[in-house]
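# Structural characterization, general
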Amino acid sequence: MKKTIKSFSIVMIVLTLLLGVLPTNIQAATKNPLAKMPKTKKTIVNTQEYLKIVHTPYVNFYTPDYKSKIDLKATSSNKKVATVKVHKFHEDNMYSAGYSIKCKKPGKAIIKVTAQVNGKTYKKSCTYVFEKYKNPFSSFKIGNKKYTSKLNKGENADIKTTYFKGKLSYKAKSGYKITKITAFRENGASYTVKNNSKLKSDTTGFVIKYQNKKSKIKGTIGINDDVMDFYYWYYE
């Protein structure tokens, strides 16, 4: 019995030593860099406002970080609708990559991506569907002022006022639902606004989330004053 236990112990020690000298990439399989890339992405766009970048680059998809270099290639099936650009990153001895999409007009484009890392190749495609922006409100009012027409042109309404005061009330068009309205105060704090509710006295802007009930595509509208500019549009 003692001999058996001793023999077993020796085998375990040898196995432990062997595993310790194996390369890390053999012990743990390489992560698929495209695993979290979506298969379908739908969004509502206004071609003049969509992807108007205030910080560069805005990347639609990132790979995980790797200790070795990663090569990424991406192509668009319909460049008249959307183009794609690859970005590579290297920081703290780690490598990653990603791509950004620029919409040119409403429509559909398939983005095909190929990634190579640690000697392995991965491929995946994502269908991007861009729906033209339409004002989801039949009525949008703050206090005694009507702002419905201000929301006809696009996802960002520049309204010249210091503070929005009074009660916010709205009516969504048929086929649309308003999922959330976030208001922002002068000090940067935010709060959720419900229909027919009174605003705080130092409210300076809003982010409105809505959805097309039929297509299920979600959209965002930013309403802001001159001071905060595009802050609300990029807030998440």
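Look up a bit, the structure's there.
The notes below deal with the structure included here. Remember, predicted model here, so these are calculated numbers, not experimental data. (Residues numbered from 1 in each chain as written. Predicted model: local features only at pLDDT ≥ 70, side-chain atom pairs only at ≥ 80, totals over all residues. Heavy atoms only, no water.)

## Details of the overall build of the chain
The criterion, for reference: Segments assigned H or I by DSSP are reported as helices when at least four residues long, segments assigned E as strands when at least two residues long, and all are numbered from the N terminus. Summary of the burial criterion: residues with accessible area below 20% of their type's maximum are buried, those above 50% are exposed, and those between are partly exposed, where the area comes from a 1.4 Å probe applied to protein chains only. Throughout, a contact is declared for two residues whenever any of their heavy atoms are within 4.5 Å. With residues, only the protein chains shown are counted as cover, and all accessible areas are computed by Shrake-Rupley using a 1.4 Å probe.
Looking only at helices and strands, one finds three helices and 16 strands in the chain. A burial count over the chain gives 38% of its 236 residues as buried. The long-range fraction of contacts in the chain, counting pairs at least 24 apart against all pairs at least 6 apart in sequence, stands at 65%. Summed over its atoms, the accessible surface of the chain is roughly 15000 Å², and 53% of this surface lies on carbon and sulfur atoms.

## Digging into the environment of Asp 92
Assignment of secondary structure puts Asp 92 in the loop between strand 4 (82-91) and strand 5 (94-103). For the pair Asp 92 and Lys 67, spaced 25 residues apart in sequence, the C-alpha to C-alpha distance is 9.5 Å.

## Side note on unusual backbone geometry
At Asn 93, a position not held by glycine, the phi torsion is positive, near 60 degrees. Inspection of the secondary structure assignment puts Asn 93 in the loop between strand 4 and strand 5. A relative accessible area of 63% means that Asn 93 is categorised as exposed.

## Remarks on the packing of aromatic side chains
Put simply, the rule reads: For this analysis, a ring pair means two rings from Phe, Tyr or Trp (six-membered ring only for Trp) whose centres lie within 6.5 Å, classed as stacked if their planes differ by under 30 degrees, edge-to-face if by over 60, and tilted for the remaining angles. Look at NZ for Lys and CZ for Arg. If either is within 6 Å of the ring centre and within 35 degrees of the ring normal, a charge sits over the ring.
Enumeration according to the criterion identifies eight aromatic pairs in this entry. Relative to Tyr 99, the ring of Phe 61 has its centre 5.7 Å away and its plane inclined at 35 degrees; by these criteria the two rings are tilted. Separated by 38 residues along the polypeptide, Phe 61 in strand 2 (residues 61-62) and Tyr 99 in strand 5 bring together distant segments of the chain. By way of ring pairs, the aromatic residues Phe 137, Phe 140 and Tyr 170 are connected into one cluster. A cation over a ring is seen here: Lys 200 above Tyr 191, with NZ or CZ 5.2 Å from the ring centre.

## Quick notes on the sheet that holds strand 3 (residues 70-76)
Test applied: One requirement defines pairing of two strands: DSSP has to find at least two bridges between them. Every axis corresponds to a line fitted to the C-alpha atoms, with the helix fit spanning only the stretch in contact, and the corresponding angles, defined between N-to-C directions, vary from 0 to 180 degrees.
Spatially, the four strands line up as an open sheet ordered 1-7-6-3, and their pairing is mixed. Of all strands in the sheet, those bounded by a partner on one side alone are strand 1 (40-45) and strand 3. The average angle at which neighbouring strand axes cross in this sheet is 25 degrees, direction not considered. Here strand 6 (residues 107-117) runs beside strand 7 (residues 120-132); their pairing, made up of eleven bridges, is antiparallel. By the bridge assignment for strand 7, Ile 111 is matched with Cys 126.

## Regarding the side chain of Thr 63
Mapped onto the fold, Thr 63 is located in the loop between strand 2 and strand 3. Excluding residues that lie within four positions of it along the chain, Thr 63 makes contacts with Pro 33, Ile 70, Ser 96 and Ala 97.

## Focus: the sheet that holds strand 13 (residues 190-192)
The five strands lie next to each other as 10-16-15-12-13, forming an open sheet whose pairing is mixed. Two strands bound the open sheet, and with one partner strand each, they are strand 10 (156-158) and strand 13. Each adjacent strand pair in this sheet contributes to an overall mean axis angle of 20 degrees, direction not counted. As paired elements, strand 12 (residues 176-185) and strand 15 (residues 203-212) share nine bridges and run antiparallel to each other. In the strand pairing of strand 15, Arg 185 is matched with Thr 203.

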